[in-house]
Amino acid sequence: MVVMTPTQAHIQLGEIEIAVTFKAIKNIRLAVHPPDGHVTLAAPFNARLEAVRAFAISKLGWIRRHQERFAEQARETPQFITRESHHVWGKRYLLNVVERDRPASVMIDHRQVTLCVRPGTDMVKRDAIFQAWQRSLLREVVPPMIACWEVRLGVQVKGYFLQRMKTKWGSCNVRHGRIRLNTELVKKPKDLLEYVIVHEMVHLLEPSHNARFKSLLDQHYPHWRQARAELNALPLAS
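Basis of the calculations
- Residues numbered from 1 in each chain as written.
- Predicted model: local features only at pLDDT ≥ 70, side-chain atom pairs only at ≥ 80, totals over all residues.
- Heavy atoms only, no water.
- Pairing = 2+ DSSP bridges.
- Helix = DSSP H or I, 4+ residues; strand = E, 2+ residues; numbered from the N terminus.
- Axes fitted to C-alpha atoms, helices over the stretch in contact; angles between N-to-C directions.
- Salt bridge = Lys/Arg side-chain N within 4 Å of Asp/Glu carboxyl O.
- Buried < 20%, exposed > 50% of the residue type's maximum accessible area, 1.4 Å probe, protein only.
- Phe/Tyr/Trp six-rings, centres within 6.5 Å; stacked < 30°, edge-to-face > 60°.
- Contact = heavy atoms within 4.5 Å.
- Lys, Arg positive; Asp, Glu negative; His and termini not counted.
- Polar contact = N/O pair within 3.5 Å; in protein donor to acceptor, adjacent residues only side chain to side chain.
- Expected span 1.5 Å × (residues − 1).

**Q** In this structure, what is going on with the sheet that holds strand β9 (residues 105-108)? I would like to understand it.
**A** Hydrogen bonding along the main chain pairs the strands of a sheet, whether they run parallel or antiparallel. Spatially, four strands are ordered β7-β8-β10-β9 in an open sheet, and the strand pairing comes out mixed. The open sheet terminates on both sides in strands that have one partner only, identified here as β7 (85-88) and β9. Geometrically, the sheet is characterised by an average inter-axis angle of 35 degrees between neighbouring strands, direction not taken into account. Direction of pairing for strand β8 (residues 91-99) relative to strand β10 (residues 112-117): parallel, over a ladder of six bridges. Bridging across to β10, Leu94 finds its partner in Gln112.

Now the structure itself:
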């Protein structure tokens, strides 16, 4: 089945739905996106829909392999119990939970993260305590990175926000000069956090993901494609 507008179409191949966009490009571009494995296809304006559909059918095996990889990709399902694995700045730590009758705290050393909570603290409260600590780590690192790249890009970030997001690593409100960062980035290597910050700040120069945007990234952050691929290949939050 095919549903079509002048510049967009949706192709249904069994259980797989493909969002098609017609653009001023020369070749068909097919992509499967994390974390849910949704499929997009960009085609030249003059491409016949029958040819686009035939191309998509020829790539069904490739699409399914990528969707299976995302489906099987490791997901962190924290219960906040002792000996559980947690990642901080790309490094794996074991969690040590200590119950004691004093204010909650989180400490980290070279081998483990220690979560101190009052006796009887449930998982929801432990999660909230842990998230607050993760946000504090981000607040130590993000402002210096933004300040550095403001000078290099010649832009000004009027504010940043930390938010737990399911499908995006970051976003940019160009009109108000603000960026939003996924709190899950605290689990990734710092250079990948930097890539996301740069990506969103470049939107202050070019709002869309067009050729100029990619050219600016190439100029200021030449390894952005590798960083993007590495970021999308790392474990996802459940």
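**Q** Please clarify how the pattern of salt bridges should be interpreted in this entry.
**A** Two side chains of opposite charge can pair, provided their charged atoms sit close to one another. Taken as a whole and judged by the stated rule, the model has nine salt bridges. Two residues, Arg118 and Asp101, come together in a salt bridge whose shortest N-O distance is 2.6 Å. A residue pair is termed long-range when its members are at least 10 positions apart, and Arg118 in the loop between β10 and α3 (123-153) and Asp101 in the loop between β8 and β9 qualify at 17 residues. Take Arg118: its relative accessible area is 39%, and that puts it in the partly exposed class. Across the pair Lys187 and Glu184 runs a salt bridge whose closest N-O atoms are separated by 2.9 Å. A relative accessible area of 11% means that Lys187 is categorised as buried.

**Q** Looking at this structure, I do not really get the packing of aromatic side chains. What am I missing?
**A** Two descriptors summarise a pair of aromatic rings, namely the distance from one centre to the other and the angle between the planes of the rings. Here the structure, examined in full by the defined rule, presents four aromatic pairs. Ring geometry for Phe130 against Trp133: centres 5.3 Å apart, planes inclined by 55 degrees, an arrangement best described as tilted. Placement of the pair is Phe130 and Trp133 together in helix α3, with a separation of three residues, close to one helical turn. Residue classification places Phe130 among the buried positions, given a relative accessible area of 3%. Measuring from ring centre to ring centre gives 5.9 Å for Trp149 and Tyr221, while their planes differ by 55 degrees; the resulting arrangement is tilted. Of this pair, Trp149 sits in helix α3 while Tyr221 sits in the loop between α5 (211-220) and α6 (224-233), and the two are 72 residues apart along the sequence.

**Q** Looking at this structure, how should I read the sheet that holds strand β13 (residues 178-182)?
**A** In spatial order, the strands read β11-β13-β12; together these three strands make up an open sheet with mixed pairing. Edge strands, defined here as strands with exactly one partner in the open sheet, are β11 (159-163) and β12 (170-173). Each adjacent strand pair in this sheet contributes to an overall mean axis angle of 20 degrees, direction not counted. Together, β11 and β13 form the strand contacts of α3, whose direction differs from that of β11 by roughly 150 degrees. Helix-sheet contacts for helix α4 (residues 190-202) involve β12 and β13, and the interaxial angle to β12 is about 25 degrees.

**Q** It is not clear to me how the environment of Ala43 should be interpreted in this structure. Could you clarify?
**A** As for its placement among the helices and strands, Ala43 is situated in strand β5 (residues 38-44). C-alpha separation for the pair Ala43 and Arg29, spaced 14 residues apart in sequence, amounts to 6.5 Å.

**Q** Whenever I open this one, the side chain of Glu84 confuses me. Can you help?
**A** Mapping Glu84 onto the fold places it in the loop between β6 (75-76) and β7. Buried and unpaired, Glu84 has no salt bridge, with Arg126 as the nearest side chain of opposite charge at 8.0 Å. A polar contact is formed between the side chain of Glu84 and the backbone nitrogen of Phe80, at a distance of 2.8 Å.

**Q** Where do I start with the environment of Gly61 in this structure?
**A** Here Gly61 lies in helix α2 (residues 60-72). Note: C-alpha distance between Gly61 and Glu206 (145 residues apart in sequence) is 36 Å.

**Q** Quick question: what am I supposed to make of α3 here?
**A** Note on helix geometry: an α-helix contains 3.6 residues per turn, so any two residues three or four positions apart are oriented the same way. Between its first and last C-alpha, α3 extends 42 Å over 31 residues, near the 45 Å set by a 1.5 Å rise per residue. Between the side-chain oxygen of the N-cap and the backbone nitrogen of Val124 there are 3.3 Å, and the N-cap of α3 in question is Asp122.

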